[in-house]
Amino acid sequence: IILLFVSLLSCFAYSPEFPLTSLPDEYRDLIKLALVLTYVVNAGVAVYAVFLARERGLPPVFWAIKCFLLGGVALSELSSIAPTPKSGK
């Protein structure tokens, strides 16, 4: 999460006195593109996590948010939880 905030700071803030925010425009554009690609993939992971969380009887909104922010780390944690057995009559 800290890395996300630092990345956002370095892309969108500009101050010539502060080395973290005085990057050339090409680097800033690359960081923006990397963030967009990362969170597009994480959005897909979050949608998948909703279905996995429902299978396991866990709160889907919580897992969607967690997977959107943390990506595969959170999905791996969710996948390691055993599904809740369904009672069939």
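Below: a short report on this structure. Keep in mind that this is a model prediction, so the values were computed, not measured.

**A closer look at the pattern of salt bridges**
Pairing of side chains with opposite charge becomes possible as their charged atoms draw close.
Here is step 1: Following the criterion strictly, the structure yields 2 salt bridges and no others.
Here is step 2: Between Arg56 and Glu55 there is a salt bridge whose closest N-O contact spans 3.3 Å.
Here is step 3: Arg56 gets classed as buried once you look at its relative accessible area, which sits at 11%.
Here is step 4: In this structure, the salt-bridge partner of Glu77 is Lys66, at a minimum N-O distance of 2.9 Å. You can see Glu77 sitting in helix H4 (residues 72-79) and its partner Lys66 sitting in helix H3 (residues 60-70), a full 11 residues away along the chain.

**Overview of the nonpolar core**
Here is step 1: Of all hydrophobic cores here, the largest spans 12 residues; its members are Val45, Ala46, Ala49, Val50, Leu52, Ala53, Trp63, Ala64, Cys67, Ala74, Leu75 and Leu78.
Here is step 2: If you list the elements that add at least two residues to this core, you get helix H2 (25-56), H3 and H4.
Here is step 3: Element by element, the count of residues in this core is highest for H2, at 6 residues.

About the thresholds
Residues numbered from 1 in each chain as written. Predicted model: local features only at pLDDT ≥ 70, side-chain atom pairs only at ≥ 80, totals over all residues. Heavy atoms only, no water. Salt bridge = Lys/Arg side-chain N within 4 Å of Asp/Glu carboxyl O. Buried < 20%, exposed > 50% of the residue type's maximum accessible area, 1.4 Å probe, protein only. Helix = DSSP H or I, 4+ residues; strand = E, 2+ residues; numbered from the N terminus. Core = buried A, V, L, I, M, F, W, Y, C linked by side-chain atoms within 4.5 Å.

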